[in-house]
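# Inside the fold
Chain by chain, the residues run as shown.
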Amino acid sequence: MLRRAVEDLSSGSDSDYTNSWIAWFLSSKGNEYFCEVEEEYILDRFNLTGLNTEVANYTQALDSITDNIDEDIPDELRGALDVQARHLYGLIHARWIVTARGLAKMLEKYKRADFGRCPRVLCQSQPLLPVGLSDIPYEKSVKLYCGRCEDIYSPKSSRHGSIDGAYFGTSFPHLLFLVYPNLIPPKSGPVDVGLPVRGAPTEGDNQRRTRRAREEPELPAETIGEEFSTASVALKAERYRPRIFGFQVHEIAKLQRWQEAVRDRQVARLEEIGV
Amino acid sequence: MSRRSQPPANIEPIGVEVEEEEVTGGVGEGDEIMEDAQAQEGEYSISLSDVVSGTTGSSTPTSTLTWISWFCSLPGHEYFCEVAEDFIEDDFNLTGLNAMVPFWKEAMEMVLDVEPDEDTSKIPDVSIVEASAELLYGLVHQRFILTRAGLQAMIEKYEAGVFGACPRVYCSMTHVVPCGRSDLPGLDTVKLFCPNCNDIYTPPSSRFQGVDGAFFGTTFAHLFFQSYRELAPAPFWKPSSAGSSSSSAPSSGSGSSSSRSSEKFVNPNPHGGKRRAAGRVYQPKIYGFKVNEKAKCGPRMQWMRLRPEDPEELDMVDWRGRWYDDADEDFDEEEAEGDEDRPMEDFDPDVGEDDEEESEEEEEEEDSRVSQGRSTRHAHSAPQPPVPGASKASLRPAEILQSIDISSLPVKLPVASRVKVMRQWVTPAATTQVC
Ligand SMILES: [Zn+2]
Ligand SMILES: [Zn+2]
């Protein structure tokens, strides 16, 4: 797809990576949060149920994504089609990343901190995960979830700040930690993004699809179990204590005491039921 | 005393390398101002005087650029205000600093644009003096911004958004102020304090990574909000009523200092923060259902961002951080039916719900209660059945959950056999009332 090379002179233009629409899309500046949706997933129309009503020009947009489009589309249509194709890819992406294989793909990106790191000082550069505040497109831009402070932040860059949050959805980071509970970050101490990425595929490896299709995505068995408790992890969280000439600020200190009392109640509650 | 009209030629500002990506940060006006400063790099002596004179009244006539003006105009130095020269000239304000700054005299001369003595032979490499001048200025700055004039200079920058806004979504672009984690130089870089979440953040741009936090100090941020109570968010928060349209939706990017004027907000504590807080707390959801705290991956940290609805609730905790009523369990059980535990309900949407439909209603209700007015509410924002696809490569939520062991079901899915919990919030004793 020549137009891509012309239109976008960013990275990776020398590999076969740029040969497909998806590869082009992923390598474009600002799209760093997206992962590759496997073609196999896209080609299974069942996975796309309902999207035809969400995307104008659905058929052509889909052909575009799957590189089945005619080269000779008039330029005036091309721009619009690109927008529709991106939108469709985003919506497919939202569904894909909550599948087992999609989660695994995003996990690799998480471990590379592709989504940035928590701006909260006491989170010690904890890598973030993208999250939507709505699953409906055109409502809210994407935010970043920190598994350590369990809060959400705005992306630093306006390129990322303008991505539709629905392309990631409201569930994704929470589902990730549900499926990989041993990756839930500790509340204190240095960052350690857990497991080695299994069979980390090199992008552009054409063999990977067939290889990985056979290697059925089993859920990491070692992560399921009762061996650890998260009931009292909150007690380990560090807090910032505002001080004036060394003395705590009254109203803030009072609020923080109240918050910690709420925390202690929660810990007691959870220990009671043995979480 | 004669002024230099040119800045020292080779002072290397620390932390100038700027990643393009970060300059465009989504943190509001502050970034744009910084970009402006960026654009003028390399031509300070010509064009900066008007930039500078805009911020403080203390600058000298436009044709000359003082060392201080020049220093404050460097990329990465946007957070500094200009310290009044008479403050620096008053020895009392410098007490103890000369022991910390090498080449004190030369550094003073540089900062104050005093032509050095004839005896310049003993002055070492000028770059050493420059480092000393920066250290001197930074330490004086730490003290200056605690004075009335310094606070005044900083509030002007604050209101102009120079320091940027809190990156936390539910702080709704509350403006932040610079702060240090130490008052001693050389230990940590400058951070940003948000008065709404009372937390500190790394500045969004790497050009601040070379700025010493001690040049702002540990006290300034808090003295600032003690001095300007109208800028300090109150420690309690009541969600506004459901229908009210919001002026402070998280993504709206409106400046925080110009919060809504329509409803009058009053903190009964006359010494307390006078601004309405941005009180929403993030609620993780999976497929539209709140992740229950009983799940292993359930929320553990919401307390850190939570505020009570009423200020009196703050008094229910003693100075050691214990609930006063925890001493009396029986009393507590009864109180459970009252509304003393109201704020905690934010955690738990399903008090006494019966079936899916009701739970959805609750969900909506809860949401609107929690939200400080979201702009629009959607009937279809209820739990979505996602991922229709079950190609062999994909896994549906139900499958994931089944493979996980449904008995420890961490997520609240529309499963028939949902556990109902009457009231799990008040005391550990009440928690056991599962029916
Ligand atoms: Zn964090
Ligand atoms: Zn904040």
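These lines cover the structure that appears in this document, whether it is placed above or below. Bear in mind that the values here come from a model prediction, so they are computed numbers and not experimental data.

## Let's talk about the coordination of the zinc ion (ligand 2)
All names here are of chain B. Surrounding the zinc ion (ligand 2) are the protein donor atoms Cys166 (SG), Cys171 (SG), Cys194 (SG) and Cys197 (SG), at 2.3 Å. One can describe the donor arrangement at the zinc ion (ligand 2) as tetrahedral, given that its 4 donor atoms subtend angles of 103 to 116° at the metal. We note that the donor set of the zinc ion (ligand 2) lies within a single chain, spaced as C-x4-C-x22-C-x2-C. Taken as a pair, Cys166 in the loop between helix H8 (148-159) and strand S1 (177-179) and Cys197 in the loop between strand S2 (191-194) and strand S3 (199-201) lie far apart in primary sequence, 31 residues in all.

## Things to note about the side chain of Arg229 of chain B
Within the fold, Arg229 of chain B resides in the loop between helix H9 (220-227) and strand S4 (285-286). Residue Arg229 of chain B is classed as buried on the basis of its relative accessible area of 12%. Here Arg229 of chain B is in contact with Glu251 of chain A together with His271, Gly272, Gly273, Lys274 and Arg275 of chain B, once residues within four sequence places are set aside.

## What about the sheet that holds strand S2 (residues 143-146) of chain A?
All names here are of chain A. The 3 strands are arranged S1-S2-S3 in an open sheet whose pairing can be described as antiparallel. The open sheet terminates on both sides in strands that have one partner only, identified here as strand S1 (128-131) and strand S3 (151-153). Averaged over all neighbouring strand pairs, the angle between strand axes comes to 40°, with direction disregarded. The pairing of S2 with S3 spans 3 bridges and is classified as antiparallel.

## Points about the pattern of salt bridges
All names here are of chain B. In the structure shown here, the tally under the stated rule is 22 salt bridges over all chains. Arg207 serves as the salt-bridge partner of Glu78, at 3.2 Å between the closest nitrogen and oxygen. Of this pair, Glu78 sits in the loop between helix H4 (67-73) and helix H5 (85-89) while Arg207 sits in the loop between S3 and H9, placing them 129 residues apart in sequence. Here Glu78 and Arg207 have matching classes, each one buried. The salt bridge partner of Arg305 is Asp199, with a shortest N-O separation of 3.0 Å. Residue Arg305 is found in the loop between strand S5 (289-290) and helix H10 (329-335), and its partner Asp199 is found in strand S3; the two are separated by 106 residues along the sequence.

## A look at the environment of Ser162 of chain A
Residue and element names in this part refer to chain A. Tracing the sequence through the fold places Ser162 in the loop between helix H7 (158-161) and helix H8 (172-179). Distance from Ser162 to Lys140, taken between C-alpha atoms, is 8.8 Å for residues 22 residues apart in sequence. Among the polar contacts made by the side chain of Ser162, one reaches the main-chain carbonyl oxygen of Arg159 at a distance of 3.2 Å.

## Observations regarding the nonpolar core
All names here are of chain B. Core analysis: the biggest nonpolar cluster contains 148 residues, and Tyr137 and Phe224 have the highest contact counts within it. Tallying contributions element by element places helix H7 (residues 126-144) first for this core, with 8 residues. Those residues in contact with Tyr137 that lie beyond four places of it in its chain are Trp67, Ile68, Phe71, Cys72, Phe80, Cys81, Glu82, Val83, Ile88 and Val111.

## Concerning helix H4 (residues 58-65) of chain A
Residue and element names in this part refer to chain A. Restricting attention to buried positions, one finds in H4 the residues Tyr58, Ala61, Leu62, Ser64 and Ile65. For H4, the buried positions fall inside an angular range of 155° around the axis, keeping them on one side. Phi turns positive one or two residues past the end of H4, at Asp67, with a value near 60°.

## Quick word on the coordination of the zinc ion (ligand 1)
Residues and elements named next belong to chain A. Note on the zinc ion (ligand 1): its protein donors are Cys118 (SG), Cys123 (SG), Cys146 (SG) and Cys149 (SG). The metal-donor distances range over 2.3 Å. Classification of the site at the zinc ion (ligand 1) rests on its 4 donor atoms, whose angles at the metal span 102 to 116°, yielding the label tetrahedral. Site description for the zinc ion (ligand 1): donor spacing in sequence, C-x4-C-x22-C-x2-C. Here the residue Cys118 occupies a position in the loop between helix H6 (100-111) and S1, and Cys146 occupies one in strand S2, the gap between them amounting to 28 residues. For Cys118, a relative accessible area of 5% translates into the label buried.

## Looking at the sheet that holds S1 of chain B
Residue and element names in this part refer to chain B. The 3 strands lie next to each other as S1-S2-S3, forming an open sheet whose pairing is antiparallel. Two strands close off the open sheet at either side, each with one partner strand: S1 and S3. Within this sheet the neighbouring strands show an average axis-to-axis angle of 45°, counted without direction. Sheet topology places S2 next to S3; 3 bridges connect them, and they run antiparallel. For Cys194, the partnering residue across the bridge sits in S3 and is Asp199.

## Structural notes on the state of the cysteines
Residue and element names in this part refer to chain B. Inspection of the entire model under this criterion finds 0 disulfides over all chains. The thiol sulfur of Cys179 is not disulfide-bonded, and the nearest other cysteine sulfur, from Cys194, lies at 11 Å. Overall, Cys179 belongs to the buried group, its relative accessible area being 0%.

## Side note on helix H6 (residues 104-111) of chain B
All names here are of chain B. Within H6, 6 of the 8 residues are buried, leaving the element largely enclosed by the surrounding structure. Contacts made by the buried residues of H6 are with H4, H5 and H7. Positive backbone phi, approximately 60°, marks Asp113, located one or two places after H6.

Parameters and conventions
Residues numbered from 1 in each chain as written. Chains lettered and ligands numbered in written order. Predicted model: local features only at pLDDT ≥ 70, side-chain atom pairs only at ≥ 80, totals over all residues. Heavy atoms only, no water. Donors = N, O, S within 2.8 Å, 3.2 Å for Na, K, Ca; no water. Tetrahedral: all angles 85-135°; square planar, octahedral: opposite > 155°, others 65-115°. Helix = DSSP H or I, 4+ residues; strand = E, 2+ residues; numbered from the N terminus. Buried < 20%, exposed > 50% of the residue type's maximum accessible area, 1.4 Å probe, protein only. Contact = heavy atoms within 4.5 Å. Pairing = 2+ DSSP bridges. Axes fitted to C-alpha atoms, helices over the stretch in contact; angles between N-to-C directions. Salt bridge = Lys/Arg side-chain N within 4 Å of Asp/Glu carboxyl O. Polar contact = N/O pair within 3.5 Å; in protein donor to acceptor, adjacent residues only side chain to side chain. Core = buried A, V, L, I, M, F, W, Y, C linked by side-chain atoms within 4.5 Å. Arc of directions from axis to C-beta. Disulfide = S-S within 2.5 Å.

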